[in-house]
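# Architecture at a glance
Now for the letters of each chain:
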Amino acid sequence: MDKLVIATAHDGDIRVIGAVTTELVEEAVKIHNCAPTAAAALGRMLTAGSLMGSMLKSEKDALTLQISGGGKAGTVVVTAHSDAGVKGYIGNPSVDLPLNSKGKLDVGGAIGTEGKLTIIRDMGLKEPYVGQVNICTGEIGEDLACYFTYSEQTPSAVGLGVLVNPDSSIKAAGGFVIQMMPGADELLADMLNYRVQEIPSITEFIVKGMSITDILNYIFEDMNLKIACEMVPKYKCDCSRERVEKAFISIGRKDLEEIYSEGKTEELECHFCNKSYLFNHEQIGILLKSLD
Ligand SMILES: [Zn+2]
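Residues numbered from 1 in each chain as written. Predicted model: local features only at pLDDT ≥ 70, side-chain atom pairs only at ≥ 80, totals over all residues. Heavy atoms only, no water.

## Observations regarding the packing of helix α9 (residues 253–262) against helix α10 (residues 281–290)
For clarity, the threshold we go by: An axis is simply a line fitted to the C-alpha atoms; with a helix, the fit covers only the stretch in contact. Between two such axes, the angle follows the N-to-C directions and lies from 0 to 180 degrees. By the criteria applied, helices consist of DSSP H or I runs no shorter than four residues and strands consist of E runs no shorter than two, each listed in order from the N terminus. Any angle between 65 and 115 degrees counts as roughly perpendicular, while under 35 counts as roughly parallel, over 145 as roughly antiparallel, and the rest as oblique. Definitions for this section: a left-handed crossing has its near helix turned counterclockwise from the far helix by less than a right angle. A right-handed crossing has that turn clockwise. Contacts were defined at the residue level, with two residues in contact if any of their heavy atoms lie within 4.5 Å. Three classes are used, and their members are as follows: Ala, Val, Leu, Ile, Met, Phe, Trp, Tyr, Cys and Pro are nonpolar, Asp, Glu, Lys and Arg are charged, and the others, Gly among them, are polar.
Between α9 and α10, the least distance of the axes is 9 Å, while the angle of their chain directions is 155 degrees. By the angle class used here, α9 and α10 are roughly antiparallel. α10 is crossed by α9, and the crossing has left-handed handedness. Together, R253, L256, E257, I259 and Y260 of α9 and H281, I284, G285, L287 and L288 of α10 make up the contact between the two elements. Of the residues in the contact of α9 with α10, the class split is six nonpolar, two polar and two charged.

This is how it looks when you write it as structure tokens:
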């Protein structure tokens, strides 16, 4: 079952957030009808989103991750909230590449490395906080570690994994973010980095039936792991007719008038959940009037 935990280790020197997201990713991959490589890319981004969303302080805050590296996958966008609820989409859900030299789904190849990873934190202020790093590998986990380390000055290790069956169903998905808190010993960071590199990928643990708590207990075996909070990460779309109306109006009076004059019913689809919203001639007329 999907679960996310927030914990500390080594007497608070280390913050760790880990999650199993198999069901969440499965749902997203079904909604977007993803081919295996696209499923892995979107799944890693969604997992990263739920991990980072859980770090938000207020339930009104929103976090958006966007990666655009010039590859065939196009742009992948994920929005997350503090309850670890996420939604996302991938520019090209049918991207499917041959396995890479390690025999893994080639997420880095699909994303590409000519572009940026952007993190937008909307905390209800006038301007959102925007952080950005150049993509280094396009594998997402490493790019996110770069973001934390250079853009937020928090040395971090990030592991993200999605195991996809040939029919695009999800065998396992999950991830973790491990961060050194200010003032922690640098030797501890080195030791932890070494340990994270030595362990198998997170999906291997999940396939064995280990829960996220089991996995973190294994990684932090002798480091006094303390679970602070648990939640259930979910795929959640918060679209509504009202929001879609706003987006529709934003195309401008001229375009709206043109659609109105054609007299047809307009169908608008939510990018995140594919729900469709219909606007008939009369309803488009009401929207036009609201602009007066
Ligand atoms: Zn939606």
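## Focus: the sheet that holds strand β11 (residues 234–235)
Within a sheet, neighbouring strands are paired by backbone hydrogen bonds and run either parallel or antiparallel to one another. Cut-off, in case you're wondering: By definition, two strands form a pair when at least two bridges between them are found by DSSP.
The strand order across the open sheet formed by six strands is β7-β6-β3-β4-β5-β11, and the pairing between neighbours is mixed. If you trace the sheet from one side to the other, it starts and ends with β7 (129–134) and β11, each paired once. As defined by bridge partners, strand β6 (residues 116–122) adjoins β7 across six bridges and the pair is classed as antiparallel. The residue bridging T118 from the neighbouring strand is Q132, located in β7. Those strands touched by helix α4 (residues 141–151) are β3 (62–68), β6 and β7, and its axis lies near 120 degrees from that of β7.

## Focus on the pattern of salt bridges
Under the convention used in this document: One speaks of a salt bridge when a side-chain nitrogen belonging to Lys or Arg is within 4 Å of a carboxyl oxygen belonging to Asp or Glu. Each residue is assigned to one of three classes by its accessible area relative to the maximum for its type, calculated with a 1.4 Å probe on protein chains only: buried under 20%, partly exposed between the two thresholds, exposed over 50%.
Following the criterion strictly, the structure yields 12 salt bridges and no others. The residue D83 makes a salt bridge to K236 at a minimum N-O spacing of 2.4 Å. With D83 in the loop between β4 (76–80) and β5 (85–90) and K236 in the loop between β11 and α8 (241–249), this pair connects stretches of sequence that are 153 residues apart. For K236, a relative accessible area of 42% corresponds to the partly exposed category. The partner of E245 in a salt bridge is R241, with the nearest N and O atoms 3.9 Å apart. Taken together, the residues E245 and R241, both in helix α8 and four residues apart, mark about one turn of the helix. For R241, a relative accessible area of 30% puts it in the partly exposed group. Here the residues in one salt-bridge network are K87, D238 and R243, joined through shared partners.

## As for the packing of α8 against α10
Look at α8 against α10: their axes get within 11 Å of each other, and the N-to-C directions meet at 65 degrees. Considering their axes alone, α8 and α10 lie roughly perpendicular with respect to each other. Crossing geometry of α8 relative to α10 is assigned as right-handed. Only Q283, I284, L287 and S290 of α10 make contact with α8, whose side of the interface consists of R241, E245, F248 and I249. Along the lines of polarity and charge, the residues of the contact of α8 with α10 split into four nonpolar, two polar and two charged.

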